[in-house]
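Structure assessment
Listed here are the chains, written in short residue letters.
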Amino acid sequence: MGEISTIGIDLAKHVFQLHGSAADGAVLFRRRLRREKLLEFLASQAACVVAMEACASAHYWAREIQRLGHEVRLIAPVYVKIP
């Protein structure tokens, strides 16, 4: 498995969808994680870019994820696409 370059997160109420990709765009993983497991999972990953849709709870999650050493990018909903 290659090194993770970007993790995209679809925030939800209870179960989050994660999509990890390499620098060349290759899909490394697609996962579903419960809210309470998200930070534990991200803490185990090497520092990378984490992107998520800017929404009401995104700023909270951005602060928590930045504390783990990741670079967080909040993107406008118009640019969010589910593959």
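Right, let's walk through the structure included here. Just so it is clear, the model here is predicted, and its values are computed rather than measured.

Structural notes on the pairing of strand β5 (residues 71–75)
Of the strand pairs in this sheet, strand β4 (residues 49–53) and β5 are connected by 5 bridges, and their pairing is parallel. Counterpart to Val50 in the pairing with β5 is Val72. Handedness of the crossover is the feature at issue here: the chain leaves β4, passes through helix α2 (residues 58–66), returns alongside β5, and the resulting connection is right-handed.

Thoughts on the nonpolar core
Ile7, Ile9, Leu18, Leu38, Met52 and Ile65 are the most contacted members of the largest nonpolar core, which has 21 residues in total. The biggest single contributor to this core is α2, with 4 residues. Those residues within four positions of Met52 in sequence are excluded, and the remaining contacts are Ile9, Leu11, Ala58, Trp61, Ala62, Ile65, Val72, Arg73, Leu74 and Ile75.

What counts, and at which threshold
Residues numbered from 1 in each chain as written. Predicted model: local features only at pLDDT ≥ 70, side-chain atom pairs only at ≥ 80, totals over all residues. Heavy atoms only, no water. Pairing = 2+ DSSP bridges. Helix = DSSP H or I, 4+ residues; strand = E, 2+ residues; numbered from the N terminus. Right-handed = clockwise from strand over helix to strand, strands pointing away. Core = buried A, V, L, I, M, F, W, Y, C linked by side-chain atoms within 4.5 Å. Buried < 20%, exposed > 50% of the residue type's maximum accessible area, 1.4 Å probe, protein only. Contact = heavy atoms within 4.5 Å.

By themselves, these figures tell us nothing about what the structure is for.
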